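# Residue-level structural notes
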Amino acid sequence: MAEWAPIYFFWALVMIGVLPLAPINRVAALVVAARLLTQAAYGMGYNEPISQMVIFGVCGMLAMHNARRMTCFFSAALFVPLSIAAAFQIDHPTAAGWTVYGLAVLQAVVLIASEEWRKAIRHWLEATDPSKPDALAKLIAFTRRVRAYA
């Protein structure tokens, strides 16, 4: 890693900020899945703009259907311009590539700034409070609640 690349910043946002939200937020799970699928398609040698366009379109439809809060819906709606920008990568790879990058960073920042973090931390603290005698029952209830969201 001789020099810094902006993609490291984006992946740090996804792995440190969005991935921990994925068990309790379906939109965050779809954002992580979209990024991992596009990376996998690129690694398998598929045409990057076309595969991104399809993956962003499908994940956008699923995410907008599952969005519960306005910030999550806005983050899910960003899949539409992401898909359009991915289509423009065919003719203008550099400009459209930076547009895809900027929209993806905005999508991750919106999810991180949503109220889901407070909800996740509150549920985790309630579930792991050792001062209460039913800490194990609360941890099991928290796990069931996480599975219900996923």
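Predicted, not measured: the structure shown is a model, and the values here were computed from it.

A few words now on helix H3 (residues 48-66). Here H3 contains 19 residues, and its C-alpha end-to-end distance of 26 Å stays within 8% of the 27 Å for a straight helix at 1.5 Å per residue. If you check which residues of H3 are buried, you get Pro49, Ser51, Gln52, Ile55, Phe56, Cys59, Gly60 and Ala63. Around the axis of H3, the buried residues are gathered within 155° of arc, so they sit on the same side. Residues Val54, Met61 and His65 are exposed on H3 and point more than 90 degrees away from its buried face. Its buried side turned inward, H3 meets helix H2 (26-43), helix H4 (70-77), helix H5 (79-88) and helix H6 (93-113).

Every α-helix carries 3.6 residues per turn, so stepping three or four residues along brings you back to the same face. For H2, built from 18 residues, the straight-helix expectation of 26 Å at 1.5 Å per residue is met to within 8% by its first-to-last C-alpha distance of 25 Å. For H2, the complete set of buried residues consists of Val27, Ala28, Leu30, Val31, Val32, Ala34, Arg35, Thr38 and Ala41. For H2, the elements touching its buried residues are helix H1 (6-18), H3, H4, H5 and H6. Downstream of H2 by a residue or two, glycine 45 has a phi angle that is positive, lying close to 95°.

Here we come to a nonpolar patch on the surface. Residues Ile50, Val54, Val58, Met61, Leu62 and Ile90 make up a contiguous nonpolar surface patch of about 550 Å² in total accessible area. Turning to its location among the elements, isoleucine 90 is positioned in the loop between H5 and H6.

Basis of the calculations
Residue numbering note: each chain is counted from 1, following its sequence as written. Restriction of local features to residues with pLDDT of at least 70 applies here, the model being predicted, together with a cutoff of 80 or more for giving and counting side-chain atom pairs; totals for whole chains, interfaces and linings are based on all residues. Water and hydrogen atoms play no part in the side-chain values, which are based on all heavy atoms of the structure. Secondary structure counts use DSSP, requiring at least four H or I residues in a row for a helix and at least two E residues in a row for a strand, with both numbered from the N terminus. Residue count minus one, scaled by 1.5 Å, sets the expected span of a helix. Residue exposure (1.4 Å probe, protein chains only): buried if accessible area is under 20% of the type maximum, exposed if over 50%, otherwise partly exposed. Starting at the helix axis, one direction is taken to each C-beta atom, and the arc is that of these directions. For this analysis, residues touch if any pair of their heavy atoms sits within 4.5 Å. Note that patches include only residues with greater than 30% relative accessible area and no salt bridge, and the join distances are 9 Å for like charges and 5 Å for nonpolar side chains (Val, Leu, Ile, Met, Phe, Trp, Tyr). Calculation of accessible area relied on Shrake-Rupley with a 1.4 Å probe; when residues are assessed, cover is drawn exclusively from the protein chains displayed. Counted as salt bridges are all cases of a side-chain nitrogen of Lys or Arg within 4 Å of a carboxyl oxygen of Asp or Glu.

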